[in-house]
Amino acid sequence: MAEDKRRSTGDDACRMSNFSESVVEEAALQWFEALGYTILHGPEIAVGETAAERIDPDYRDVVLASRLKKALRRLNPTLQPEAIEDAYRRLVRRDEPSLFTLNHSFHQKLVDGVTVEYTRPDGSIGGALVRLFDFDDPENNDWMAVNQFTVVEGQHTRRPDILIFINGLPLAVMELKDATDENATIWSAFQQIQTYKVQIPSLFKYNEILIISDGLETRVGSLTSDTERFMPWRTIDGEELAPSSLPQLQVVIEGLFEKRRLLDFLRYFVVFEDEGGGVLIKKIAGYHQFHAVSNALRETLAASAETGDRRVGVVWHTQGSGKSLTMAFYAGRLVLEPKLQNPTIVVITDRNDLDDQLYGTFSRCHELLRQAPEKATDREDLRARLGVSSGHIVFTTIQKFMPPAGSDDPSLSDRRNIIVIADEAHRSQYDFIDGFARHMRDALPHASFIGFTGTPIEKADANTRSVFGNYISIYDIQRAVEDRATVPIYYESRLAKLDLPPSEKPKVDTDFEE
């Protein structure tokens, strides 16, 4: 049945040569249906209709209440009805003055659950955590795509093209434009979403992903993304880039909105960075970051197993492509992986300035990491931090692994669930032959090592591979430029003209030979 649906959507993709907005919308809905989403039409679920699902005849409700309550009961079967009702009220009320703080608060509930209170049979007050989603079993959630969903707020009536609901919550907004209209581009769709955020902000309290498309081009962004941060999603399974013959919108839907991938994306790949002064920037992973971290996690589990060689691999993501954020996503993924049994993560740089830059990124992502990172002040402080059995994230420079003179005990910890992340893993300062890299291995004999670099490892560089292993993800400058993740680099060959006095010219060759 799924193959039949995929085949029919391929036929629809061919019909997208017209690229009218209605054709793009119809094709998108069929791609969602092929993934197992229920397809509903906004006008048909309004109050008074036979298939009504909304409860406000004035279209002010943006949550599908019956589906949300049903999901809360299904996912939390041991909780009292009072607790479920309290969770529902906390989800739908507007208790923050700013859209971005509302969205931030909701995302915390999405990931961690809703804290509620209820009255026990003995009259005492109890607390509980209500789950909103089943992150382990995608099919235990309610998946819907709804088109032409009218929202009224104040004096404004708006109708986004497609909304994606999970368990009755509108988590994604898709705005489409007609590619045949020279005045309507994906950036027209971007501007339309900016208007929506101002005029119907209640819809965006729950938003996690924004999609803009004209059938030819498609971009993915977050609630705070500007045009530069709306990026393409160029792969379906992460193994290879999708062929150019596939519509970009199809690649986004099948690549990002596949149920298992989307749940992982929502849980592990959305971060709110605190820029200071109460300013929050919501960042979501690009396709290269999502799949790099997923691959790195798989390799980490293999490397850190009893039979593993403790070499996770190398992630080469070119400068300007968000390498530091990829490292933070990876660390956050490790923290929540039960097979690693609350690991300690050691982040190593070769210079203090790099340490400060990366530490700043991790500090701003403390919610994603479930903790604030720490800095080791010297070797003994590093030993003490690694001696604590409970996991944490420790920053240090590689120089702190140098044992003191005369020491016959180079080890700092023999724990196996220590993951070492080395920034710019190929740098000559690591001195792989008989210097810091060897001391790092001696200090943590059972730890697993992963390297991140913004420039490629030379083919002859066997030392880096001996410590970290082979590439597990490559995002080079060419792909970054194609994705607009960084700017192109141009090189112009020039001859510098030198004007020497005639008396000096005979001396040049002699001086050069010397």
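For every chain, the first residue of the written sequence is number 1, and numbering continues from 1 onward in sequence order. In keeping with the predicted nature of the model, local features appear solely for residues at pLDDT of at least 70, side-chain atom pairs appear and are counted solely at 80 or more, and the whole-chain, interface and lining totals rest on all residues. Just so you know, side-chain values use all the structure's heavy atoms and leave hydrogens and water out.

Q: Explain the packing of helix H3 (residues 65-75) against helix H4 (residues 81-92) to me, please; I cannot follow it from the model alone.
A: Two numbers describe a pair of packed helices, the interaxial angle and the distance between the axes. The interhelical angle for the contact between H3 and H4, taken along N-to-C directions, is 135°, at an axis separation of 10 Å. When the axes of H3 and H4 are compared, the pair comes out oblique. Remark: the crossing between H3 and H4 carries right-handed chirality. Packed against H3, whose contacting residues are Ala 65, Leu 68, Lys 69, Leu 72 and Arg 73, the element H4 presents Ile 84, Glu 85, Ala 87, Tyr 88 and Leu 91 at the interface. Each axis is a line fitted through C-alpha atoms, taken for helices only over the stretch in contact, and angles between the N-to-C directions span 0 to 180 degrees. Secondary structure elements follow DSSP: runs of H or I of four or more residues count as helices, runs of E of two or more count as strands, with numbering from the N terminus. Angle categories: roughly parallel below 35 degrees, roughly antiparallel above 145, roughly perpendicular from 65 to 115, and oblique for all the rest. Each helix crossing is assigned a hand: it is left-handed if the near helix lies turned anticlockwise from the far helix by less than a right angle, otherwise right-handed if that turn is clockwise. We call two residues contacting when some pair of their heavy atoms lies within 4.5 Å.

Q: When you look at the sheet that holds strand S17 (residues 418-423) in this model, what are you seeing that I'm missing?
A: Picture the strands of a sheet paired through backbone hydrogen bonds; they go either parallel or antiparallel. When DSSP locates at least two bridges between a pair of strands, those strands are taken to pair. The strand order across the open sheet built from 7 strands is S15-S16-S14-S17-S18-S13-S19, with neighbouring strands paired in parallel fashion. The open sheet has two edge strands, strand S15 (374-375) and strand S19 (471-475), and neither has a second partner. Looking at chain direction, strand S14 (residues 344-349) and S17 are connected through 5 bridges and run parallel. Residue pairing across strands places Ile 345 opposite Ile 419, the latter belonging to S17. Across the sheet, helix H10 (residues 287-303) lies against strand S13 (311-317), S17, strand S18 (448-453) and S19, angled at about 165° from S13, the strand it touches most.

Q: Please clarify how empty space enclosed by the protein should be interpreted in this entry.
A: Leftover empty space is mapped by rolling, across the atoms, a probe with the size of a water molecule. Here a cavity denotes a set of grid points, spaced 1 Å apart and computed over the protein atoms alone, in which a 1.4 Å probe fits but from which it cannot get out, and a pocket denotes an open set meeting protein on both sides within 12 Å along at least five of seven lines; residues with an atom within 4 Å of a point are reported as lining. Grid points are joined across faces, edges and corners, and a volume is the space filled by probe spheres set on the points. Per the counting criterion, the structure on display carries 2 cavities of 30 Å³ or more. Volume-wise, the largest cavity comes out at about 60 Å³. Contributing to the lining of the largest cavity are Arg 90, Leu 91, Arg 93, Asp 95, Leu 102, Ser 105, Phe 106, Lys 109, Lys 205 and Tyr 206. For the lining of the largest cavity, the secondary-structure elements that each account for two or more residues are H4 and helix H5 (99-112). When residues are sorted by character, Ala, Val, Leu, Ile, Met, Phe, Trp, Tyr, Cys and Pro go into the nonpolar class, Asp, Glu, Lys and Arg into the charged class, and all the rest, Gly among them, into the polar class. Its residues placed into classes, the lining of the largest cavity shows 4 nonpolar, 1 polar and 5 charged.

Q: Looking at this structure, how should I read the pairing of strand S2 (residues 114-119)?
A: Across a regular strand the side chains alternate sides, sitting on one face of the sheet and then on the other. For the exposure calls, accessible area comes from a 1.4 Å probe over protein chains only, and a residue counts as buried if that area is under 20% of its type's maximum, exposed if over 50%, partly exposed in between. Because side chains alternate across S2, one face comprises the buried residues Val 114, Val 116 and Tyr 118, and the other comprises Thr 115, Glu 117 and Thr 119, none of which is buried. Summarising the sheet, S2 and strand S3 (residues 125-130) pair through 6 bridges and their orientation is antiparallel. Of the residues in S3, the one forming a bridge with Thr 115 is Leu 129. Where S2 hands over to S3, the hairpin turn is made up of 5 residues, of which Gly 123 adopts a positive phi near 95°.

Q: Please explain the side chain of Ser 105 as it appears in this structure.
A: With respect to the helices, strands and loops of the structure, Ser 105 is situated in helix H5. By relative accessible area, which is 15% here, Ser 105 ends up buried.

Q: What am I meant to see in the sheet that holds strand S1 (residues 38-41) here?
A: If you trace the 6 strands from one edge of the open sheet to the other, you get S1-S4-S7-S8-S9-S10, paired in mixed fashion. The open sheet has two edge strands with one neighbour each: S1 and strand S10 (218-221). Here the strands of the sheet are splayed against their neighbours by 20° on average, with no regard to which way each runs. By the bridge criterion, 5 bridges tie strand S4 (residues 143-147) to strand S7 (residues 162-166) in an arrangement that is antiparallel. Paired with Met 144 across the strands is Phe 165, a residue of S7. Against the sheet, helix H2 (residues 21-34) contacts S1, S4, S7 and strand S8 (169-176), and its axis sits at roughly 145° relative to S8.

Don't take any of this as a statement about function, it's just geometry.
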